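Here are the chains, one letter per residue:
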Amino acid sequence: MASTDRLRRITEAVREAGSVGVAELAALTGASEMTIRRDLEALADQGVLERYHGGARSLLLRGEEPPFALRTQEGLDVKRRIAAEVAGLVADGESVLLDSGTTCLEVARALQHRRLTVMPLSLHAVNALVGAAELTLLVPGGRPRAGELALTGPLTEASLAALRFDTAVIGCCGLGAKEGLTAYDLDDAAVKRAAIASARRVVAVAEGAKFQRTALAFVAPVSALHAVVTDAQAPEDETAAIAAAGVTVHRV
């Protein structure tokens, strides 16, 4: 099992059970107990769990978003393929609003060498685009969320209200034909709504697993989207229902 897959399995197991022993995690992942102990130390450093002698207990509540540092390594190949597809949907010369999140960070990297005007809503993406020779970078105001470095608050929303974009690329924590686009954080959801309102075209990016989730904060119905870019693991019944609502679904 790859390291990133193992870390995800450990995080999920500890989160579901509340606390799990090293031996049980070793049996679950097929790794040695020494490897599991190293993994637990890494996850403890990221604030995912707390170590105790012989095991670990979760610091994440059910329905709470895992730390950014952990999510950056999850499904990286899928996120890069989604990013490449999004880049292909954007024409040179467009103004692009880029949401926060790990998938949107990969979109930022895919747009680095394009002739575009881009305003990222995350300092991670701002850092990825600083110095791009052909690209015009706009930076909104706002308060960065710890770890995520997503910009939120009235300054961010005012920046969005003052501008109009050709395309907004929106990330999400959950997506469904019935539940719509959802997010874990209420402030983040407010920024996403402002982003949708400021764009002529809205493209949502979501790995297939996000179609199985509904987060706390409602952002928008799927009818507010023009396109969804996802991967082959997205449930066909959900993507068909979203397409029936008039949204173009791209699978990569």
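A brief structural summary. Each chain carries its own residue numbering, running from 1 in the written order of its sequence. This being a predicted model, a pLDDT of at least 70 is required before a residue's local features are given, and a value of 80 or more before pairs of side-chain atoms are given or counted; all residues contribute to the totals for chains, interfaces and linings. Side-chain measures were taken over the full set of non-hydrogen atoms in the model, leaving aside hydrogen atoms and water.

Turning to the overall build of the chain, a few remarks are in order. Secondary structure elements are defined from DSSP: runs of H or I of at least 4 residues count as helices, runs of E of at least 2 residues count as strands, and each element is numbered from the N terminus. Looking only at helices and strands, the chain has ten helices and 15 strands in total. Rg of the C-alpha trace for the chain: 19 Å, near the compact-globule value of 18 Å for 252 residues, within the 12% margin. Projected onto the principal axes, the alpha-carbon positions of the chain cover approximately 55 × 40 × 30 Å. In the chain, which comprises 252 residues, the share counted as buried stands at 51%. Any pair of residues with heavy atoms lying within 4.5 Å of one another is described as a contacting pair. Sequence-distant contacts, at least 24 apart, represent 57% of the contacts inside the chain between residues at least 6 apart. Here the chain has roughly 11300 Å² of accessible surface; of this, 52% comes from carbon and sulfur atoms. The positive count covers Lys and Arg only, the negative count covers Asp and Glu only, and His and the chain ends enter neither. The location of each charge is read from NZ of Lys, CZ of Arg, CG of Asp or CD of Glu. A gap of 1 Å separates the mean positions of the 27 positive and 31 negative side-chain charges of the chain. The globule rule used here is 2.2 Å times the number of residues to the 0.38 power, and the radius of gyration it is set against is calculated over C-alpha atoms. The classification of residues rests on relative accessible area computed with a 1.4 Å probe and restricted to protein chains. Under 20% of the type maximum is buried, over 50% is exposed, and intermediate values are partly exposed. Here the open area of atoms and residues is found with the Shrake-Rupley method and a 1.4 Å probe, where only the protein chains shown may cover a residue.

Mapped onto the secondary structure, Thr-230 falls in strand β14 (residues 227-230). Since its relative accessible area comes to 0%, Thr-230 is described here as buried. Within the structure, Thr-230 has its side chain in polar contact with the backbone oxygen of Ala-206 (distance 2.6 Å). Sequence-distant contacts of Thr-230, defined by excluding residues within four places in its chain, comprise Ile-82, Ala-206, Glu-207, Gly-208, Phe-211, Thr-239, Val-249, His-250, Arg-251 and Val-252. In protein, a polar contact requires one atom able to donate a hydrogen and another able to accept it; more generally it is a pair of N or O atoms within 3.5 Å, and residues adjacent in sequence count only if both atoms are side-chain atoms.

A few words on unusual backbone geometry. When glycine is set aside, most residues are seen to have a negative phi, and most peptide bonds are trans. Its identity as a non-glycine residue notwithstanding, Leu-149 has a phi of 55°, on the positive side. Take Leu-149: it is sitting in the loop between β7 (143-144) and β8 (151-152).

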